[in-house]
Amino acid sequence: LLPLLFFFLLFCLFFLTKNKKKKTGAGSGSMNQPDRYARFVLPDEISKVDLELEQNNKNAATYTIRLEDHTLGNLLRQQLHEDESVIFAGYRIPHPLDPVMLVRIQTTDAKTPQQAMHDAVNELKQEVAYLMESLQQQCPRSPTHMPPQDPFGTAAYAGVPGHAAGAGYASGAYVPPSAAGYGDGYAGASGYGGF
């Protein structure tokens, strides 16, 4: 009986190890997900943007844009809506796991869909350039305008409500909101936190 039990256990171990499938998932050390660069880099044989003109309507087209999401879709849609020659502009992402966006444009006879898309992209480029210029003027990158390099140090927050003079968080000198000099919170005339 003992030898028979021994062979049965060996057979079970052999069967279980042979038919054991590779474990995948978060705990296995390998993830079932695409490579990180695949979200940004297209293979050479695939184009970023494709255009499909509608056969029955010369003023309608659908753009297929790869590796983009709702950020660009909303920007394009909104910019196209500002054009008076655009009758319809909308986008959709057919499936959240497939990084493909479809942008459909229908125009009047004043412009073709290609012209409307070209104008919208150029206007968005101008708006982004203006935003960058305004941001750089408002927040210049110079040593006098940079944030403190030592947020937990001794000199950076001296005199700021909520911080003890000459000490930072690292030394344990944090002043709680209920302490004197912190401000009156929401009720204070100077605003939240005494600022």
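The structure presented is a predicted model; accordingly, all values stated were derived computationally and were not measured.

Novice: So what exactly am I meant to see when it comes to the overall build of the protein here?
Specialist: Of regular secondary structure, the protein possesses three helices and four strands. Scored against the burial criterion, the 195 residues of the protein give a buried share of 21%. Taking contacts inside the protein between residues at least 6 apart in sequence as the whole, the part at least 24 apart equals 41%.

Novice: What should I look at first to understand the sheet that holds strand 2 (residues 60-66) in this one?
Specialist: Strand order in the open sheet formed by four strands is 1-2-4-3, with antiparallel pairing between adjacent strands. Edge positions in the sheet fall to strand 1 (49-53) and strand 3 (86-92), since each of these pairs with one other strand and no more. Along the sheet, successive strands turn relative to each other by an average axial angle of 15°, direction set aside. Across six bridges, the pairing between strand 3 and strand 4 (residues 100-107) is antiparallel. Paired with tyrosine 91 across the two strands is valine 103, which belongs to strand 4. Packing against the sheet, helix 2 (residues 70-81) makes contact with strand 2, strand 3 and strand 4, and its axis sits at approximately 175° to strand 3. Across the sheet, helix 3 (residues 113-138) is in contact with strand 1, strand 2, strand 3 and strand 4; its angle to strand 4 comes to roughly 115°.

Novice: Would you mind going over the pattern of salt bridges with me for this structure?
Specialist: Any two side chains of opposite charge can pair if their charged atoms end up close together. For the coordinates displayed, the defined rule picks out five salt bridges. Linking aspartate 119 and lysine 111 is a salt bridge whose minimum nitrogen-to-oxygen distance equals 2.7 Å. Given a relative accessible area of 26%, aspartate 119 falls into the partly exposed group. Overlapping salt bridges, with partners in common, bring together Asp83, Lys111 and Asp119 in one network.

Novice: Looking at this structure, I do not really get the nonpolar core. What am I missing?
Specialist: In summary, soluble globular proteins display a tendency toward joint burial of nonpolar side chains. Tyr63, Ile65, Leu80, Val86, Val103, Ile105 and Met117 are the most contacted members of the largest nonpolar core, which totals 14 residues. Mapped by element, the contributors of at least two residues to this core are strand 2, helix 2, strand 3, strand 4 and helix 3. Ranked by residues supplied to this core, first place goes to helix 3 with four residues. If sequence neighbours within four positions are ignored, isoleucine 65 has contacts with Lys48, Val49, Leu72, Leu76, Pro99, Val100, Met101 and Val103.

Novice: Please explain helix 2 as it appears in this structure.
Specialist: What sets the pattern is the α-helix's 3.6 residues per turn: residues three or four places apart point alike. For helix 2, built from twelve residues, the straight-helix expectation of 16 Å at 1.5 Å per residue is met to within 8% by its first-to-last C-alpha distance of 16 Å. Among the residues of helix 2, those classed as buried are Gly73, Leu76, Gln79 and Leu80. Angular distribution of buried residues about the axis of helix 2 spans 140°; they occupy a single face of the element. Against strand 2, strand 3, strand 4 and helix 3 lie the buried residues of helix 2.

Novice: Explain helix 3 to me, please; I cannot follow it from the model alone.
Specialist: Its 26 residues place the ends of helix 3 37 Å apart at the C-alpha level, agreeing with the 38 Å of an ideal helix rising 1.5 Å per residue. Listed in full, the buried residues belonging to helix 3 are Pro113, Ala116, Met117, Ala120 and Leu124. Contacts from the buried residues of helix 3 go to strand 2, helix 2, strand 3 and strand 4.

Definitions and limits used
Residues numbered from 1 in each chain as written. Predicted model: local features only at pLDDT ≥ 70, side-chain atom pairs only at ≥ 80, totals over all residues. Heavy atoms only, no water. Helix = DSSP H or I, 4+ residues; strand = E, 2+ residues; numbered from the N terminus. Buried < 20%, exposed > 50% of the residue type's maximum accessible area, 1.4 Å probe, protein only. Contact = heavy atoms within 4.5 Å. Pairing = 2+ DSSP bridges. Axes fitted to C-alpha atoms, helices over the stretch in contact; angles between N-to-C directions. Salt bridge = Lys/Arg side-chain N within 4 Å of Asp/Glu carboxyl O. Core = buried A, V, L, I, M, F, W, Y, C linked by side-chain atoms within 4.5 Å. Expected span 1.5 Å × (residues − 1). Arc of directions from axis to C-beta.

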